[in-house]
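# Analysis of the macromolecular model
For reference, the chains in residue letters:
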Amino acid sequence: MPDTALPLTILAPQQFASDNYAGICPEAWNAMHEANAGSVPAYGDDPWTQRAADALRDLFEHEAEVFFAFNGTAANSMALASLCQSYHSVICSATAHVETDECGAPEFFSNGSKLLVAASTDGKLTPDAIRAMATSRSDIHFPKPRAVTITQPTETGLVYTIDEVKAIAAVCLELGLRLHMDGARFANACAALNCAPADITWKAGVDVLCFGGTKNGMGVGEAILFFDRGLAQDFDYRCKQAGQLASKMRFLAAPWLGMIKDGAWLRNGHHANACARRLADKISGLPEIEPIFAVQANAVFLKAPESVLDALRAKGWRFYTFIGGGARLMFAWDADPARVDQLAADIKNASESK
Ligand SMILES: *Cc1c(COP(=O)(O)O)cnc(C)c1O
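The structure displayed is predicted, hence computed values, not measured ones.

### Considerations on the site of the ligand
Within the structure, the ligand sits among Asn71, Gly72, Thr73, Asn76, His97, Glu102, Thr151, Glu155, Asp182, Ala184, Arg185 and Lys215. Contact between the ligand and threonine 73: an oxygen atom at 2.5 Å from a side-chain N or O atom of the residue. Isolated, the ligand exposes 390 Å² of accessible area, and the fraction of that covered by the protein chains is 82%. Here the shell around the ligand takes three residues from helix 3 (residues 72–83), the largest share from any one element. Residues of the shell around the ligand, tallied by class, amount to one nonpolar, six polar and five charged.

Spelled out as structure tokens, the structure:
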């Protein structure tokens, strides 16, 4: 038998190419471990799922309908599909994950509801852009606008303030549009704004939230919260049909309990945001290097000369350049400040020896 054990060198130095590079945080891991005791009913009919849904309702101070899905693409797609008929459309920003990174899943799961990409310079939607798109046509040849989706924080690392969400919700209300929030990094937004989850969701006019657990420190799983409970009608069937009903649901649900119980979800958000801030502060003032977008959550988009980016790559740093052309650096619950400092030092060196 060959030795199939992976060499320990697989534990390479920490990278910040994606917040999905991180492992599972202890609170989520321990909750899985606890839930592993004994046998309980399947398909969500178990105490863990009940308790996790209740914990989310407590956290949001709302009797929301709560569902659990495996990932964000499914959560977003099913949520949007529940807001739309096939002839409807969903207004989103040009950088929206639903538009650029879900392989057409929102259209697929909604049987054809079209995404309408509204003008946006920095990834944020504005009430004006929504209004312009929603009122551009009203004839029968155009897919009828029915929903708006905003990402909080945005794919560009910007945070909608409470007032910005409210202003978008007001336009939605006026134009008969439902408001969906892609909260893949929702915890980072709450940490950045220092606000309660309710303040940027139902209290601000959001109808349905996809709350990301994975990027927050869980191994897998997103929660879908319907604040307008009527919109959740038959959503359980939609989950099952989409292959998103976990048979051993307790393992998808229990980590939420672990995350919420003593505030790990928010701690993780604060830590990740602080690491992004740390990097931004350490490299501020370097010539020809600056953040492309304001650093408000857990992302730093680095605008730098190509020679600097190449030097960083040569040093072994990994990063994506698909948004804005600069290096995207994402920080998660496990980001090691010493490693952040190392990255800052390497950026400084690369900039000086350019
Ligand atoms: C990561 C992410 C998702 C979810 O992606 P999955 O890979 O499907 O889990 C959704 N929206 C945004 C903005 C994301 O960054």
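### A few points about the side chain of aspartate 46
Note that aspartate 46 resides in the loop between helix 1 (26–35) and helix 2 (47–60). It turns out aspartate 46 is buried and unbridged, and the closest side chain with the opposite charge, arginine 250, is 6.2 Å from it. Side chain to side chain, aspartate 46 and threonine 49 meet in a polar contact 2.6 Å long.

### Re the sheet that holds strand 2 (residues 88–93)
Here we have seven strands laid out as an open sheet, ordered 1-7-6-5-4-2-3, and mixed in their pairing. With one partner strand each, in any of the chains shown, strand 1 (65–69) and strand 3 (114–118) form the two edges of the open sheet. Averaged over all pairs of adjacent strands, the angle between their axes in this sheet comes to 25°, without regard to strand direction. Bridge analysis of strand 5 (residues 178–183) against strand 6 (residues 208–212) gives four bridges, and the strand direction is parallel. Paired with aspartate 182 across the bridge in strand 6 is cysteine 210. Where helix 2 meets the sheet, its contacts fall on strand 1, strand 6 and strand 7 (222–226), and the angle it forms with strand 1 comes to roughly 120°. Packing of helix 10 (residues 250–261) onto the sheet brings it into contact with strand 1, strand 6 and strand 7, and relative to strand 1 it is tilted by some 115°.

### Some details on the domain arrangement of the protein
Segmentation of the protein into domains returns domain 1 (26–261) and domain 2 (264–352). Measuring from the centre of the C-alpha atoms in domain 1 to the corresponding centre in domain 2 gives 27 Å. Note on domain 1 versus domain 2: buried area summed over both sides is about 1,800 Å², and carbon and sulfur give 61% of it. Among the ionic pairs, arginine 267 bridges to glutamate 27, the shortest N-O distance being 3.1 Å. Summed over the shared surface of domain 1 and domain 2, the result is seven residue pairs in polar contact (both at pLDDT 80 or more). Contributions of two or more residues to the side of domain 1 that touches domain 2 are made by helix 1, helix 8 (186–193) and helix 10.

### What to know about the nonpolar core
Leu56, Phe68, Val148, Phe211 and Leu225 are the most contacted members of the largest nonpolar core, which totals 60 residues. Apart from residues lying up to four places away in sequence, leucine 225 is in contact with Leu56, Phe60, Ala64, Glu65, Val66, Asp207, Val208, Leu209 and Phe211.

### Focus: the pattern of salt bridges
As enumerated under the stated definition, the model contains 18 salt bridges in all. Among the ionic pairs, glutamate 174 bridges to arginine 131, the shortest N-O distance being 2.8 Å. Note that glutamate 174 is positioned in helix 7 (residues 162–175) and arginine 131 in helix 6 (residues 127–134), a separation of 43 residues in sequence. What makes arginine 131 partly exposed here is its relative accessible area of 31%. Between lysine 348 and glutamate 352 there is a salt bridge, with the nearest N and O atoms lying 3.3 Å from each other. With lysine 348 and glutamate 352 both in helix 13 (residues 337–352), this residue pair falls four residues apart, about one helical turn. Residue lysine 348 is classed as partly exposed on the basis of its relative accessible area, which comes to 38%. By relative accessible area, glutamate 352 is classed as exposed at 54%.

### A short note on the pairing of strand 5
Side-chain positions along a regular strand alternate between the two faces of the sheet. Most of strand 5 sits inside the fold, with five of its six residues counted as buried. As for the winding sense of the linkage, the β-α-β connection from strand 4 (residues 144–151) through helix 7 to strand 5 is right-handed. Note on the crossover from strand 5 through helix 8 to strand 6: the handedness is right-handed.

### Topic: the packing of helix 12 (residues 306–314) against helix 13
Packing of helix 12 against helix 13 leaves a shortest axis separation of 9 Å and a crossing angle of 130°. For the element pair helix 12 / helix 13, the angle class is oblique. Seen along the crossing, helix 12 lies across helix 13 with a hand that is right-handed. Judged by residue contacts, Val308, Ala311 and Leu312 of helix 12 engage Leu343, Asp346, Ile347, Ala350 and Ser351 from helix 13. Classifying every residue of the contact of helix 12 with helix 13 gives six nonpolar, one polar and one charged.

### Notes on the UniProt feature "domain: Aromatic amino acid beta-eliminating lyase/threonine aldolase" (unreviewed entry) in the protein
Sequence positions flagged by UniProt for "domain: Aromatic amino acid beta-eliminating lyase/threonine aldolase" (unreviewed entry) are, in local numbering, residues 15–303. Between the end C-alpha atoms of residues 15–303 the distance is 18 Å, and the span holds 39% helix and 16% strand.

Cut-offs applied
Residues numbered from 1 in each chain as written. Predicted model: local features only at pLDDT ≥ 70, side-chain atom pairs only at ≥ 80, totals over all residues. Heavy atoms only, no water. Near = heavy atom within 4 Å. Polar contact = N/O pair within 3.5 Å; in protein donor to acceptor, adjacent residues only side chain to side chain. Areas by Shrake-Rupley, 256 points an atom, 1.4 Å probe, with all protein chains shown as cover. Helix = DSSP H or I, 4+ residues; strand = E, 2+ residues; numbered from the N terminus. Nonpolar A, V, L, I, M, F, W, Y, C, P; charged D, E, K, R; others polar. Buried < 20%, exposed > 50% of the residue type's maximum accessible area, 1.4 Å probe, protein only. Lys, Arg positive; Asp, Glu negative; His and termini not counted. Salt bridge = Lys/Arg side-chain N within 4 Å of Asp/Glu carboxyl O. Pairing = 2+ DSSP bridges. Axes fitted to C-alpha atoms, helices over the stretch in contact; angles between N-to-C directions. Contact = heavy atoms within 4.5 Å. Domains from an automatic or database assignment. Buried area = accessible area lost by both parts, 1.4 Å probe. Core = buried A, V, L, I, M, F, W, Y, C linked by side-chain atoms within 4.5 Å. Right-handed = clockwise from strand over helix to strand, strands pointing away. Parallel < 35°, antiparallel > 145°, perpendicular 65-115°, else oblique. Left-handed = near helix turned anticlockwise from the far one by under 90°. UniProt positions renumbered as here; feature names shortened; annotations may be inferred.

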